[in-house]
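Descriptive structure summary
Here are the chains, one letter per residue:
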Amino acid sequence: MVTAAIQTYGLTRRFGALTAVEDVTLSVASGQFFGFLGPNGAGKSTTIKMLTGLLEPSAGSIEILGQPFGAGALELKRQIGVVPEGMALLGRLTAPEYLRFVGRMYGLDRATTARRTDELLEFMQLADESKKLITDFSHGMQKKLALAAAVIHGPKVLFLDEPFEGVDAIAAGMLKSMLQGMINRGATIFLTTHVLEIVERLCSHVAIISKGRLVANGSIQELRAGVASTLPGAEHEQRLTLEEIFLSIVGAGEQPEPQQELSWLA
Amino acid sequence: MVGIGGAGLGSGPGSVGAGQMPLGGGAFGPVARAQYGALAKLRWQMLSNGLRFRKGKLELGVRTLGFLIYGATGIALGGGLGFAAYLLAASHEMRFLPLVFWATFLLWQMIPVMMASFQEQFDLGSVLRFPVSFHSFFLLYAVFGLADISTILGGLCCVGICVGLTVALPGLFLWTTLTVGLFAVFNILLVRAIFAWIDRWLAQRKTREILGAVFMLLVLSAQLLNPALHHGFPDFHQPNHKDAVRNVQHYRDMQAQYEPWLMRVNAVQEWLPPGLAAKGLRQVGGKTGEQAAGAALGSYGLIGLYTLVAGVVLAARLKAEYRGESLGQAPKRTKTAPIRAKLAGGLAAGAVAKAERASGWLPASTGPVGAVMEKEARSLMRSVSQLYVLGAPLMMVFIFGSMFRSNAGIGHSFTLALPVCMAYSMLGFTQLFANNLGTEGAGIQLLFLSPTPFRTVLLAKNLFHATLFGVDALIAGILVSLRLGPPDYSVLAGTIGWLLFALPANLAVGNIFSITMPFRVNPGRLTRQRGSQANALLSLLTQLAVMAVGATVFGLCWYWDHLWFAGPVFLVLACCSVFGWMRVLRNAEGMANRRKDSLLLTLVKTE
């Protein structure tokens, strides 16, 4: 039996009276490119924070690579890479300084850190900007740097929170091929994004969270078949895009009708 | 395309560890040591990279100056306390030694509140995404606190005490070092524990508001404490021998009255760390090795226990942070259905009225000025650190009110008490005046995007702060009058004149500092703020300069016995400062636009 790279059991997070994530049981197999979708405020980032040890679950448990995961699981922490919500960059460092810092914090030796820093900067096309402070980087450059920092220690499991936001098409293509290469070499990627087209193209499996609860989980084909079965006419299944599946599951009916929209807007 | 094969990204389970050092070894294992090194290097690189900017150079200069000032202050305090310890030990008055330890203790614990905005602190929470063990995290938290002002001052005081006692009693050197060392460790852990917990309470709006209310109550209670403490104290001003004799008699009566109470206080303080430290030294005095150890075992054991408790309290807080405790507000879910219903049906008349009431306190005709003032008021009500600014002047009046009443040199009712208290009231507003954009954060972008001129925004902020100061000054003035009697009309006129000069002067300079060297203020934190030391020091110097002008004018008028003349002089100065303030406001637009990048960089972008 193949061990799941990420496994949660009844994962729950409460903030006072509000339950942000409720009873999420999820399994992501090793080598999977997994898309985690949901509308704004559904609990995606909260889930990622719990999965990466940045937020303590109120209930439930997490296993990464078959071992129980918590903030103190240092060896496991070394096997995961994260591009967090705010990117967590240090604006007053240059890109090489930042990557070397991250490498050392993950316990890489100096020679490996230096070699990987150079390779990553070259790959991310940031080598020419090595004298510039991160704070002067564009948003897209910062995203690329955050991704480089997330992979410098060669993680087996990579968590990406909106990695393509603000990244130009050329860089996005390059990043996608890098991520695909990681998958081909056995890594697992857990991705949240609002760009459903990217998920459709990259991910083999998808879970959808809405109002803190997992409302769908499976391969895109399975979700497509599931949604199509609720619609009249079998021909729907072939034509359904991920966007249609997503809207169907999380409730397109919540969008205001055109005549109900703000009439005073031009 | 360039490959990254060498990085070993996801290249299978066996290769993940390539180039990685083995974990383990606790807080001093190879990985932990590499992490400490990386953090130290990070701090150095952030500092040296900061020198690329003019602001960074200024910061470094001011920081160096600051450390020299704090160092000199610490040496003076340490020297004073050391001398006191020496005198007490040399004259065999060790029973008063607790006073020296209590002074150090209070200094150590109070300084962080006073100096929160004067020191830049690194938020260690950001390292938690790395494989950092809890022991390393705890150690880093304790070590990063060693360079703060309270530890520098407290540490130098401890060194002073140690030197003073050793000179007087060389035979007790080892015991003195042990006592003072233990006492210092206790203080370091306690102050870190207290502020870690305060930051935890400030992190959430509800607890922040409760803490703010408690703080304001404490300030008001202090005001009530003042007359209560001084009720019945004799007037030390001695116009003649008969009064002096009566005062001495009165003092003896009071001594008899308060002695039992003081004895009880003494009995209690002996069980607290500063008292225990002094008691331990008293117990080992005149004894040899084992005898001394046996005599002081209880005292040192208790200090050790207190230190352990402080460490455990700190560890409990850090453990929660380490485990991934989130202190932020819970994300609100989008309630699309009710919105849709509202959009469809329109707002009911009552709801419209309610929305109008909620949208502002000031009349709509006040326009953007009113809107900014209301926003400032709302921000202020949710920020304990800023509420502290409001309460601090009242605390200062409490302190100075006592001083003027009881100081023999100054007399019962110091003539210039009112302007002095007003000056101190204004001192509390230094950070509000000099960093009036600090609470904007990312909202600064809106100020640049909106059609409202930047000078209007600054005008509104200035008006709000001036109103706030007016209220504070009025309360402080009433308190001074109640405490020391109504001031002379000439002093009152002079004080009002000085305020009319000082307020616009401070606002004008504050506007310049706010644009040129702002720093982001986190309303949910008292410590671990990223303050600008250049701003803090220069704004303080401005305040002192304005006070020096006031003191000079008042001093000269008093010297020539024409105190009434201070009023007209200040009015002339006030005209100049109002003119200067208006000029700064007129130029604010251009100044802000020229510094737009720097403002956005500081208040919006990544750390």
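What you are looking at is a predicted structure, and each value in this text was computed from that prediction instead of being measured.

1. Describing the overall build of chain A
Tallying secondary structure elements over chain A gives 10 helices and 10 strands in all. Taking all 266 residues of chain A together, the buried fraction comes to 50%.

2. Section: the overall build of chain B
Of the regular secondary structure elements, chain B holds 22 helices and zero strands. Each of the 607 residues in chain B was classed as buried or not, and the buried ones make up 39%. Residue pairs at least 24 apart in sequence account for 81% of intrachain contacts in chain B once pairs closer than 6 positions are excluded.

3. Details of the nonpolar core
Within the largest apolar cluster, 140 residues are counted, with the highest numbers of intra-cluster contacts made by Tyr98, Leu145, Ile189 and Phe190 of chain A. No other element matches helix H6 (residues 173-202) of chain B, which puts 13 residues into this core. If you look at the next biggest cluster of nonpolar residues, it comprises 57 residues, including Leu394, Leu437, Ala460 and Trp498 of chain B.

4. Focus: helix H13 (residues 367-381) of chain B
Residues and elements named next belong to chain B. Taking 1.5 Å of rise per residue, the 15 residues of H13 would be expected to cover 21 Å, and the 22 Å separating its terminal C-alpha atoms lies within 8% of that figure. Among the residues of H13, Val372, Met373 and Glu376 are the ones counted as buried. For H13, the arc enclosing every buried residue in end-on projection is 100°, short of the 170-degree limit, so these residues lie on one face. Seen from the buried face of H13, the exposed residues on the opposite side, beyond 90 degrees, are Arg378 and Met381.

5. Concerning the sheet that holds strand E9 (residues 205-210) of chain A
Residue and element names in this part refer to chain A. On the basis of which strands lie adjacent, the open sheet formed by six strands has the order E6-E7-E8-E3-E9-E10 and mixed pairing. Looking at which strands have only one partner, the edges of the open sheet turn out to be strand E6 (80-83) and strand E10 (213-219). Taking each pair of neighbouring strands and ignoring which way they run, the sheet shows an average axis angle of 15°. One ladder, built from five bridges, connects strand E7 (residues 157-161) with strand E8 (residues 188-192); its direction is parallel. Residue pairing across strands places Phe159 opposite Phe190, the latter belonging to E8. Here helix H10 (residues 242-250) sits on the sheet in contact with strand E3 (33-37), E9 and E10, set at roughly 35° to E9.

6. Some details on the sheet that holds strand E5 (residues 67-68) of chain A
Residue and element names in this part refer to chain A. The strand order E2-E1-E4-E5 describes an open sheet built from four strands, whose pairing is antiparallel. Edge positions in the open sheet fall to strand E2 (18-29) and E5, since each of these has one partner strand only. In this sheet, E2 lies alongside strand E1 (residues 4-15) in antiparallel orientation, the contact comprising eight bridges. Across the sheet, the residue bridging to Arg14 is Thr19, located in E2. Against the sheet, helix H1 (residues 44-51) makes contact with E1, E2 and strand E4 (59-64), and its axis sits at roughly 120° relative to E1, the strand it touches most.

7. Examining the environment of Leu544 of chain B
Within the secondary structure, Leu544 of chain B is located in helix H20 (residues 533-559). According to the C-beta neighbour criterion, Leu544 of chain B is partly exposed, with 14 such atoms within 10 Å.

8. Considering unusual backbone geometry
With a phi angle near 50°, Leu65 of chain A is a residue other than glycine that sits in the positive phi range. Along the chain, Leu65 of chain A falls in the loop between E4 and E5. On the basis of neighbour counts, which here come to 20 C-beta atoms within 10 Å, the residue Leu65 of chain A falls in the buried class. The backbone phi angle of Asp561 of chain B is positive, close to 60°, even though this residue is not glycine. Residue position: Asp561 of chain B is located in the loop between H20 and helix H21 (566-594).

9. Considerations on the pairing of E10 of chain A
Residues and elements named next belong to chain A. Here E9 runs beside E10; their pairing, made up of six bridges, is antiparallel. Each residue of the ladder has a partner; that of Ile209, found in E10, is Leu214. Between E9 and E10, which follow one another and run antiparallel, lie two residues, and Lys211 among them has a positive phi close to 50°.

10. Topic: the packing of helix H18 (residues 454-484) of chain B against H21 of chain B
All names here are of chain B. At a closest axis distance of 7 Å, the pairing of H18 and H21 adopts a crossing angle of 125°. Viewed along their axes, H18 and H21 adopt a mutual orientation that is oblique. Classified by chirality, the crossing of H21 by H18 is right-handed. Along the contact surface, H18 presents Phe454, Arg455, Leu458 and Leu459, while H21 presents Leu585, Arg586, Ala588, Glu589 and Ala592. For the contact of H18 with H21, the per-class residue count stands at six nonpolar, no polar and three charged.

11. Focus: helix H4 (residues 110-123) of chain A
Residues and elements named next belong to chain A. For H4, built from 14 residues, the straight-helix expectation of 20 Å at 1.5 Å per residue is met to within 8% by its first-to-last C-alpha distance of 20 Å. For H4, every residue scored as buried is listed here: Thr112, Thr113, Arg116, Thr117, Glu119, Leu120, Leu121 and Phe123. Packing partners of the buried residues in H4 comprise helix H3 (95-105) and helix H5 (139-151). Note on H4: the residue one or two positions beyond its end, Gln125, has a positive phi of about 55°.

12. Some details on the environment of Leu318 of chain B
All names here are of chain B. Tracing the sequence through the fold places Leu318 in helix H10 (residues 289-323). Owing to 21 C-beta atoms within 10 Å, Leu318 belongs among the buried residues under this scheme. Placed 193 residues apart in sequence, Leu318 and Gly125 show a C-alpha to C-alpha distance of 9.5 Å.

13. What to know about the packing of helix H8 (residues 220-228) of chain A against H10 of chain A
All names here are of chain A. Closest axis-to-axis distance for the H8/H10 pair is 10 Å, and the angle between their directions is 55°. As summarised for this structure, H8 and H10 are arranged oblique, according to the angle between their axes. The handedness of the crossing between H8 and H10 comes out as left-handed. Of H10, the residues touching H8 (which contributes Ile220, Leu223, Arg224 and Val227) are Leu242, Ile245, Ser248 and Ile249. The residue makeup of the contact of H8 with H10, split by class, is six nonpolar, one polar and one charged.

14. As for the pairing of E7 of chain A
Residue and element names in this part refer to chain A. Counting buried positions over the five residues of E7 gives five, a clear majority of the element. Side chains of E7 alternate between two faces, with Val157, Phe159 and Asp161 and Leu158 and Leu160 buried alike. Direction of pairing for E6 relative to E7: parallel, over a ladder of four bridges. Bridge pairing in E7 links Ile80 to Val157. Each parallel crossover has a hand, and the one from E7 via helix H6 (residues 169-184) to E8 is right-handed.

15. Observations regarding the environment of Phe183 of chain B
Residue and element names in this part refer to chain B. By secondary structure assignment, the location of Phe183 is in helix H6. With 123 residues separating them along the chain, Phe183 and Tyr306 place their C-alpha atoms 9.7 Å apart. Filtering out sequence-adjacent residues up to four positions away, Phe183 remains in contact with Phe101, Cys158, Pro273, Ala277 and Ile303.

16. Digging into the confidence of the model for chain B
All names here are of chain B. Residue-level pLDDT values for chain B average 78, and 74% of them are 70 or greater. When pLDDT is averaged over each element of chain B, helix H19 (residues 489-516) comes out on top at 93 and helix H11 (residues 336-345) at the bottom at 49. Confidence drops under a pLDDT of 50 for residues 408-412, and excluding neighbours within four residues, the segment shows seven contacts in the predicted structure.

Rules used in this analysis
- Residues numbered from 1 in each chain as written.
- Chains lettered and ligands numbered in written order.
- Predicted model: local features only at pLDDT ≥ 70, side-chain atom pairs only at ≥ 80, totals over all residues.
- Helix = DSSP H or I, 4+ residues; strand = E, 2+ residues; numbered from the N terminus.
- Buried ≥ 20, exposed ≤ 12 C-beta atoms within 10 Å, placed from the backbone.
- Contact = placed C-beta atoms within 7 Å.
- Core = buried A, V, L, I, M, F, W, Y, C linked by C-beta atoms within 7 Å.
- Expected span 1.5 Å × (residues − 1).
- Arc of directions from axis to C-beta.
- Pairing = 2+ DSSP bridges.
- Axes fitted to C-alpha atoms, helices over the stretch in contact; angles between N-to-C directions.
- Parallel < 35°, antiparallel > 145°, perpendicular 65-115°, else oblique.
- Left-handed = near helix turned anticlockwise from the far one by under 90°.
- Nonpolar A, V, L, I, M, F, W, Y, C, P; charged D, E, K, R; others polar.
- Right-handed = clockwise from strand over helix to strand, strands pointing away.
- pLDDT = per-residue confidence, 0-100.

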